[in-house]
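Structural characterization, general
Each chain is listed here by its residues.
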Amino acid sequence: MEFELNEEQQQVKRMVREFAEAELKPNVMKWDEEQYFPKELWPKLGELGLTGVIFPEEYGGAGMGYIEYATVIEELSRVDGSIGLSVAAHNSLCTNHLYQYGTKEQRERFVTPLAQGKKVGAWALTEPGSGSDASGLKTTARKTDGGWVLNGAKNFITHGISGDTCVVLAYTEREMRSRGISAFVVERGTKGFLPGKKENKLGVRASETASIIFEDCYVPNENLLGERGRGFVNAMQILDGGRISIASMALGIAQGAYESALKYSKEREQFGKPIFEFQAIQNKLADMATQIDAARLLIHRAAWLKDNKKQTTKESAMAKVYASEIAVKVCEEAIQIHGGYGYTKDYPPEKFWRDAKLCTIGEGTSEVQRLVIARQLILT
Ligand SMILES: Cc1cc2nc3c(=O)[nH]c(=O)nc-3n(C[C@H](O)[C@H](O)[C@H](O)COP(=O)(O)OP(=O)(O)OC[C@H]3O[C@@H](n4cnc5c(N)ncnc54)[C@H](O)[C@@H]3O)c2cc1C
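Residues numbered from 1 in each chain as written. Predicted model: local features only at pLDDT ≥ 70, side-chain atom pairs only at ≥ 80, totals over all residues. Heavy atoms only, no water.

1. Focus: the pairing of strand β2 (residues 140-144)
Pairing of β2 with strand β3 (residues 147-158), which is carried by 5 bridges, proceeds in the antiparallel orientation. Looking at β3, one finds that K143 is bridged to W148. Linking β2 to β3, which pair antiparallel, is a turn of 2 residues; within it G146 sits at a positive phi near 75°. (Pairing = 2+ DSSP bridges. Helix = DSSP H or I, 4+ residues; strand = E, 2+ residues; numbered from the N terminus.)

Here you go:
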């Protein structure tokens, strides 16, 4: 059993850390306050292979595995959770759905520009009336001559406005319930594809979240993605991998907050000595470091299983629920260690805490992760 990243994986970690420190760090608070999604980063991320981490080189990807992918998302999120989330949604939701279930033509047409960072991806499952109960969606795809006509509304979609390529889940046969849901790929600019309201969020404010309306939106037959009626099952399989990335995002956020707290505890003096010397502060830091390590081990186990083509439903959900919940706690303790300064925007923990909270909600809430884990426990 290997508990360390190999030399190549460490190189990836160093490369992404350097990129995040140089390109993200100077802008983090500006983007956050302006709720600005920096789409111009995409070609740079593409050059580094970060927009196509888990896809083969033949389709413009970096040809890496989930351990590397988890490391990429962790390192981006250590500096900015918004970029971590955007890169995660682009890679493991939109592009991966197209790669896993697309035909050769669809892979060439859609996966390659997404993996190269020439296009931004979106993945639209959630609707105003259906979140955790995802199969309760109402969007329909009606068969017509040579194609399909989509009608409905999606909300909370990452890159709902700026996304160039969107995977959409819709009912093709409502009476078949979840086995009547199919996936389609729709390109921005298609008539009847109408980007809607952008959300004004607590955290991950530089990751664009918006609704999308489909109004008699026609797509040709070749835009059906995967088997008709298999869209929901495929979407659930996509989320097994996606959850590893949200867990990694939480881990990176927790790591960033912990590093900030450790540094501050050595610099801040009270009662004539650095606050690090108080046992109450040491206990907090010890708990934070232990929780971060435990989260990383759970994530790397899930990533290893994924790389070895094994079932990860339970392990991905365990990694996500644990990493996201400890991230919120670690960030809260980081604020506490910074005292009054931690409650201001002059120090990083308040933003880390706002960003961390998303990880307990997106790609399945903590409550849903526990349901997923419990269902798997009953099966064994
Ligand atoms: C920033 C952001 C980005 C997102 N990006 C995307 C995206 O790119 N694509 C996409 O499709 N979606 C996206 N989402 C949507 C996200 O996946 C949903 O918000 C999430 O699945 C929860 O759904 P909901 O918000 O409708 O909450 P609800 O499902 O209404 O849940 C409300 C509460 O009830 C609880 N609950 C619900 N059912 C149960 C149950 N059976 N047992 C116990 N408790 C339950 C939940 O845990 C939660 O606490 C995003 C959301 C956010 C905030």
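2. Section: unusual backbone geometry
Phi at V204 is positive, roughly 35°, even though this residue is not glycine. Looking at where V204 falls in the secondary structure, it is placed in the loop between β6 (193-198) and β7 (209-220). Assessed through its relative accessible area of 2%, V204 is described here as buried. Although it is not a glycine, F271 adopts a positive phi angle of roughly 50°. Mapped onto the elements, F271 comes out in the loop between β9 (269-270) and β10 (273-274). Residue F271 is classed as exposed on the basis of its relative accessible area, which comes to 76%. (Buried < 20%, exposed > 50% of the residue type's maximum accessible area, 1.4 Å probe, protein only.)

3. Looking at the site of the ligand
In the neighbourhood of the ligand, 17 residues make up the surrounding shell, with W123, T126, S132, F156 and T365 lying closest. The separation between an oxygen atom of the ligand and a polar main-chain atom of L125 is 2.9 Å. Between the ligand and E363 there is a distance of 3.4 Å, counted from an oxygen atom to a backbone nitrogen or oxygen. Burial of the ligand by the surrounding chains reaches 65%, relative to a free accessible area of 980 Å². According to the grid-proximity analysis, the pocket containing the ligand is the largest pocket. (Near = heavy atom within 4 Å. Polar contact = N/O pair within 3.5 Å; in protein donor to acceptor, adjacent residues only side chain to side chain. Areas by Shrake-Rupley, 256 points an atom, 1.4 Å probe, with all protein chains shown as cover. 1 Å grid on protein atoms, 1.4 Å probe; cavity = no way out; pocket = protein on both sides within 12 Å on 5 of 7 lines; lining within 4 Å. Sits in = over half its atoms within 2 Å of the grid points.)

4. Quick word on the nonpolar core
In this structure, L24, L98, W123 and L169 are the most contacted members of the largest nonpolar core, which totals 89 residues. When residues in this core are grouped by element, the largest group, 16 residues, is from helix α7 (residues 231-267). Excluding residues within four positions of it along the chain, L98 makes contact with R107, F110, V111, L114, T165, V167, V185 and L225. With 17 residues, the next largest nonpolar core counts A124, W148, A170 and V219 among its residues. (Core = buried A, V, L, I, M, F, W, Y, C linked by side-chain atoms within 4.5 Å. Contact = heavy atoms within 4.5 Å.)

5. Observations concerning the side chain of D355
With respect to the element layout, D355 can be found in helix α11 (residues 349-358). When its relative accessible area of 0% is taken as the criterion, D355 is described as buried. A polar side-chain atom of D355 sits 2.5 Å from a polar atom in the side chain of K351. Excluding its chain neighbours within four sequence positions, the residues that come into contact with D355 are D80, G81, S82, G203, V204, M249 and I253.

6. With respect to the domain arrangement of the protein
Bring the parts together and some accessible area is lost; that lost area is often taken as the interface size. Domain boundaries assigned for the protein yield domain 1 (7-119), domain 2 (122-229) and domain 3 (232-379). Inter-centroid distance (C-alpha atoms) of domain 1 to domain 3 is 20 Å. Here domain 1 meets domain 3 over a buried area of about 2300 Å², counting both sides, of which 63% is carbon and sulfur. At the surface where domain 1 touches domain 3, the tally comes to 4 salt bridges. In this structure, R354 engages D32 in a salt bridge whose closest nitrogen and oxygen atoms are separated by 2.9 Å. The tally of links between domain 1 and domain 3 comes to 8 residue pairs in polar contact (both at pLDDT 80 or more). Of all the elements in the fold, those that place two or more residues in the side of domain 1 that touches domain 3 are α2 (28-34), α4 (66-79) and α5 (81-101). (Domains from an automatic or database assignment. Buried area = accessible area lost by both parts, 1.4 Å probe. Salt bridge = Lys/Arg side-chain N within 4 Å of Asp/Glu carboxyl O.)

7. Here we look at the environment of F3
For F3, the location among the structural elements is in the segment before α1 (7-24). On a C-alpha basis, the gap between F3 and L251 in space is 17 Å, while along the polypeptide they are 248 residues apart.

8. Overview of the pattern of salt bridges
Evaluation of the coordinates by the stated rule reveals 27 salt bridges. Between R296 and D293 there is a salt bridge, and its shortest N-O distance comes to 3.6 Å. With R296 and D293 both in helix α8 (residues 279-307) and 3 residues apart, this pair spans about one turn of that helix. Using a relative accessible area of 46% as the deciding quantity, one classes D293 as partly exposed.

9. A few points about the layout of surface pockets
Over the atoms rolls a probe the size of a water molecule, and its path tells where empty space is left. Approximately 1300 Å³ is the volume attributed to the largest pocket. Among the elements of the structure, α5, β1 (121-124), β3, α7, α11 and α12 (366-379) are those that each provide at least two residues to the lining of the largest pocket. Top element by residues in the lining of the largest pocket is α7. It accounts for 8 residues. In the lining of the largest pocket, the residues fall into 20 nonpolar, 16 polar and 9 charged. Residue lining of the second largest pocket: 17 residues in total, with E2, F3, E4, L297 and H300 positioned closest to the centre. (Points joined across faces, edges and corners; volume = space filled by probe spheres on them. Nonpolar A, V, L, I, M, F, W, Y, C, P; charged D, E, K, R; others polar.)

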